[in-house]
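# Structural description and commentary
Spelled out from the first residue to the last, the chains are:
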Amino acid sequence: MKVRISGVVKESIVDGPGIRFVVFAQGCKHGCPGCHNPQTHDFNGGNFVEADSIVEKILNTSNIDGVTFSGGDPFFQAEEFEYIAKKLKKKNLHILAYTGYLYEQIVRDEKMKKLLENVDVLVDGPFVKEAKTYKLAFRGSKNQRIINVNASIKKNQVITIDY
Ligand code: SF4
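These numbers come from a predicted model, not from an experiment.

### Quick look at the nonpolar core
One finds Ile-58, Phe-69, Phe-75, Ile-84, Leu-88 and Leu-122 to be the most contacted residues of the largest nonpolar core, which totals 31 residues. Mapped onto this core, the elements with two or more residues apiece are strand S1 (2–12), strand S2 (20–25), helix H1 (51–59), strand S4 (66–70), helix H2 (78–90), strand S5 (94–98), helix H3 (103–106) and helix H4 (110–116). Residue contributions to this core peak at 5 residues, all from H2. Those residues within four positions of Phe-69 in sequence are excluded, and the remaining contacts are Val-23, Pro-74, Phe-81, Ile-84, Ala-85, Leu-88, Ile-95, Leu-96, Ala-97, Tyr-98 and Leu-115. Residues Leu-96, Tyr-98, Phe-138 and Ile-146 belong to the second largest nonpolar core, which totals 6 residues.

### Quick word on the sheet that holds S5
Across the sheet, which stays open at both edges, the 7 strands sit in the order S3-S1-S2-S4-S5-S6-S7 with mixed pairing between neighbours. The open sheet has two edge strands, strand S3 (47–50) and strand S7 (145–148), and neither has a second partner. Geometrically, the sheet is characterised by an average inter-axis angle of 30° between neighbouring strands, direction not taken into account. Pairing geometry for S4 and S5, over 4 bridges, is parallel. The residue of S5 that forms the bridge with Phe-69 is Ala-97. Along the sheet face, H1 touches S1, S2, S3 and S4 and points at about 75° away from the line of S3. Contacts between H2 and the sheet are confined to S1, S2, S4 and S5, with S4 contributing the most and set at about 175° to the helix.

### Describing the side chain of Thr-61
Relative to the elements of secondary structure, Thr-61 occurs in the loop between H1 and S4. Its relative accessible area of 12% is what places Thr-61 among the buried residues. Setting aside anything within four residues of it in sequence, one finds Thr-61 in contact with Lys-10 and Phe-21.

### Points about the site of the ligand
Every residue lining the ligand is accounted for by Cys-28, His-30, Gly-31, Cys-32, Cys-35, His-41, Gly-72, Gly-100 and Phe-127. Partitioned by chemical class, the residues of the shell around the ligand number 4 nonpolar, 5 polar and no charged.

### Overview of the packing of aromatic side chains
One pair of aromatic rings is described through two measures. These are the centre distance and the angle between the planes. Tallied over the full model, the rule gives 4 aromatic pairs. Aromatic pair Phe-43 and Phe-76: ring centres 5.5 Å apart, planes at 85°, arrangement edge-to-face. Of this pair, Phe-43 sits in the loop between S2 and S3 while Phe-76 sits in the loop between S4 and H2; the two residues are 33 residues apart in sequence, bridging distant segments of the chain. The structure contains a cluster of three or more aromatic residues connected by ring pairs, namely Phe-43, Phe-76 and Tyr-101.

About the criteria used
- Residues numbered from 1 in each chain as written.
- Predicted model: local features only at pLDDT ≥ 70, side-chain atom pairs only at ≥ 80, totals over all residues.
- Heavy atoms only, no water.
- Core = buried A, V, L, I, M, F, W, Y, C linked by side-chain atoms within 4.5 Å.
- Buried < 20%, exposed > 50% of the residue type's maximum accessible area, 1.4 Å probe, protein only.
- Helix = DSSP H or I, 4+ residues; strand = E, 2+ residues; numbered from the N terminus.
- Contact = heavy atoms within 4.5 Å.
- Pairing = 2+ DSSP bridges.
- Axes fitted to C-alpha atoms, helices over the stretch in contact; angles between N-to-C directions.
- Near = heavy atom within 4 Å.
- Nonpolar A, V, L, I, M, F, W, Y, C, P; charged D, E, K, R; others polar.
- Phe/Tyr/Trp six-rings, centres within 6.5 Å; stacked < 30°, edge-to-face > 60°.

What follows is the structure in structure tokens.
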């Protein structure tokens, strides 16, 4: 299984709680005006790498509290990131994923839902320039929600988390 990524960051403190290994997916069609990562939009860009090599790098990184899938948008490669997420969950790693989709769109799509089911926390929604903020943890704009995925699936409604 290969996955297209724009890069990785081994230790980030701004992409979720604690110290996190971040995998940046390559490819995004959301086209949010003011996007900070336009170099991640091209589905032919970045590097096409073995998913297992990313898993290995993550598992060989000590002192991380979790893993973040950012982008681009990992939900455009839902099967590939589901594959990675499942391997990480076996090692009890906490997973946070960013997406430009809304939670409600993801649960209606079979492939995206399978990835969601292997994620602990979802930060959803497009970046909205008019709602831009530096005050909220882990989000670029006020419309984005930090979602407790397990609780939301169980209750069949969006349950958010305050960080
Ligand atoms: S979803 Fe993220 S990467 Fe995609 S256009 Fe919007 S801000 Fe940029």
